[in-house]
Amino acid sequence: MAVVPSEAESSANRNLPSLFYSDYLRSRFSTFYFFSPKTFLSNFTSPFRSSRRRECLPLPLPSNFLDSSMNNTNTSRVHGVLKDVLERFLTNLHRIQKNLQFWESIAEKSDNRKAYFMMFERGPRAFIDETVKLLRGRVAQDSYLRNLGQSASDHVNERVSVLSCLRCSLAIFLAQIYVEVDKVGQELITDPESKLPSLLGTINDLFSTLEASIGHLHATRQRDSSVDGTYSTPLMFEELPEINQDGSQWTDCEIRDAINSIYHNLDKLESYISFLVVKHRKPKRITQHWVHYACGAVGLSLCSLWLLRHSSLMGSSDLDNWFQEAKDSTVSFFNDHVEQPILSIRDELFETFRKRHQGLMDLEEVRLTSDSLHRMLLAFSEQTKGQKFPVNASDQKMLEIVMDRYEKELMHPIQNLVSGELARAMLIQVQKLKLDIETAMLELNQILRANEINFAVLAALPAFFVSLLLIMLVRGWFKQDTKAEGRGRVARIQRRLLVVEAEERIMQYQNYVEQGSERDAKYTFGLILYSLDRLYSTVKRHAEDSGEWHRLRQDIINLASPRLQTASKLTVMSNLKIVYDCLLPVLKSR
């Protein structure tokens, strides 16, 4: 349809040459200006951007569809279009869902918490505005607090309304596309010439329906709206070219034009949704916690000023002295609890030859004392008994002979001390006492040497615990295991919550089907696809590591199938929660 250009467009066309040359000169100049903000940030962040696209939920197509599409270029093109449509819609749904969950959580809180959000979690500008309003109406503070609570409710409800409408429309579109592809999946293989035009025409009709459902959101702004800025232009999708839509045969050029039209509509839709989501998104993290950051900045500034006063820049040597004391303390701690214990352990493990030689000498002295005692006992026993004893006679038996003789000699100690065997028996007992003392000292020395390495380990324990604490802090900082893709306890819980969410939506979908609510059923089915897509992407890596991905992937595809009955889906869902290791509950330690 021809459109008559307006006066503004005519003036813009008259100024087109000047605009062209100014843009040309600006672009040529920017090529030489490497450090322009856009170029510099793009060059700086390019190494950190990943070119890998997230794998989304597969299309409900037969397993041999890819093999058959290799022989048909148009079928392959349509498969790429459907895949891009599914991926983009799921990505936009995720962006909308994240912001919508935040505003819904704010809406469920108390009025005081909403007032706190309006005052302190919308940035310093909102804080100043609300403070000025409070000071102006200080006589009627109660009414101001009521107005603030009502303002917070309007602020939140406006965003919840727009984002909910967006989510509903996109979910319905996603469900219709998925069901339509599931219907014609097998026919796209057997008769692609007649099914491709009808599928492209259906997609075009769905875009027209989507335009009617969300195209009005740019004009629904309230009079006292809290949304900053102006809305974008209305959403207007391109219609399919005037071609033989009712015919069964399309040329390659017609199919190519239809595919290009779908891609243009996808780009328009993504720009429109991005603009609306940005206008209704949740505050950034730095905006929500600006009070904490401001207090931290003030504290850091005061600390910097205090350090500056004690630094050499202000003629003070306090900072240098503190650094020197900290350095000396660190070096002392390192020497006492790291270096010396390690050196001691090394000496005990690798330099034991000298100590071993000394231990052998001690053992030799004990052996000499023992041999001397044995000879003394042997000579005393042979003289006392008047018989020959074997060389290897027991020391215990010969010691009994000595003690018997010692008891008899004690009957007349003075006489036997001079002319008897009493002195000799006493000397033998002294030799026995010497042997016992040397044996005890040898055992004690061995115990102390064995515990030297334990003492060194105990001295190194403080440094070990400090190192372990630092490693745990660094690991927790880098791991950030708070998302469902992680490997920790929180990530496992979130994956199970995704399963529970999908199960609840499946049951809700069945209720809408039984009630005959077709629109609500489509909306819920679209949310089911979104939940299964999140589950698909989060468990893929963990299931591949455990070898469960092939079976788990097929179960998720079955859950997304429109043909599978709800009872069967619930059975599959119950198996997900008890069979697969990546979805099992966390074992609590008692």
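One structure accompanies this document, and this report is about it. Predicted model, so just to flag it, every value in this text is computed and none were measured.

Here we look at the overall build of the protein chain
Okay, so step 1: Scanning the protein chain from N- to C-terminus turns up 22 helices and zero strands.
Okay, so step 2: A total of 590 residues make up the protein chain; the buried ones form 33% of that total.
Okay, so step 3: For the protein chain, the share of sequence-separated contacts (at least 6 apart) that also reach a separation of at least 24 residues comes to 72%.
Okay, so step 4: Of the roughly 37,600 Å² that the protein chain leaves accessible, carbon and sulfur atoms contribute 58%.

Topic: the packing of helix H19 (residues 489-515) against helix H22 (residues 566-579)
Okay, so step 1: At their nearest, the axes of H19 and H22 sit 10 Å apart, and the two run at 170° to each other. Taken as axis vectors, H19 and H22 run roughly antiparallel relative to one another. Judged by residue contacts, Arg496, Val499, Ala502, Glu503, Ile506, Met507 and Gln510 of H19 engage Thr566, Lys569, Leu570, Met573 and Lys577 from H22.
Okay, so step 2: Of the residues contributing to the contact of H19 with H22, the split by class is six nonpolar, two polar and four charged.

So, the nonpolar core
For soluble globular proteins, the rule of thumb is that nonpolar side chains tend to be buried together.
Okay, so step 1: Phe89, Leu269 and Leu552 are the most contacted members of the largest nonpolar core, which totals 86 residues.
Okay, so step 2: For this core, the element with the most residues is helix H8 (residues 141-184), which contributes 15 residues.
Okay, so step 3: Counting 17 residues, the second largest nonpolar core, distinct from the first, contains Leu373, Phe389, Leu399 and Leu442.

Side note on the pattern of salt bridges
Okay, so step 1: Counted under the stated rule, the structure contains 12 salt bridges.
Okay, so step 2: Across the salt bridge formed by Lys268 and Glu238, the nearest N and O atoms sit 4.0 Å from each other. With Lys268 in helix H11 (residues 252-279) and Glu238 in the loop between helix H10 (192-214) and H11, this residue pair connects regions lying 30 residues apart in the sequence.
Okay, so step 3: Of the charged contacts in the structure, one is a salt bridge between Asp555 and Arg551, with a shortest N-O distance of 3.2 Å. Here Asp555 pairs with Arg551, and both are found in helix H21 (residues 549-560), just four residues apart, close to one helical turn.

Calculation notes
Residues numbered from 1 in each chain as written. Predicted model: local features only at pLDDT ≥ 70, side-chain atom pairs only at ≥ 80, totals over all residues. Heavy atoms only, no water. Helix = DSSP H or I, 4+ residues; strand = E, 2+ residues; numbered from the N terminus. Buried < 20%, exposed > 50% of the residue type's maximum accessible area, 1.4 Å probe, protein only. Contact = heavy atoms within 4.5 Å. Areas by Shrake-Rupley, 256 points an atom, 1.4 Å probe, with all protein chains shown as cover. Axes fitted to C-alpha atoms, helices over the stretch in contact; angles between N-to-C directions. Parallel < 35°, antiparallel > 145°, perpendicular 65-115°, else oblique. Nonpolar A, V, L, I, M, F, W, Y, C, P; charged D, E, K, R; others polar. Core = buried A, V, L, I, M, F, W, Y, C linked by side-chain atoms within 4.5 Å. Salt bridge = Lys/Arg side-chain N within 4 Å of Asp/Glu carboxyl O.

Read these as spatial facts, not as claims about activity.
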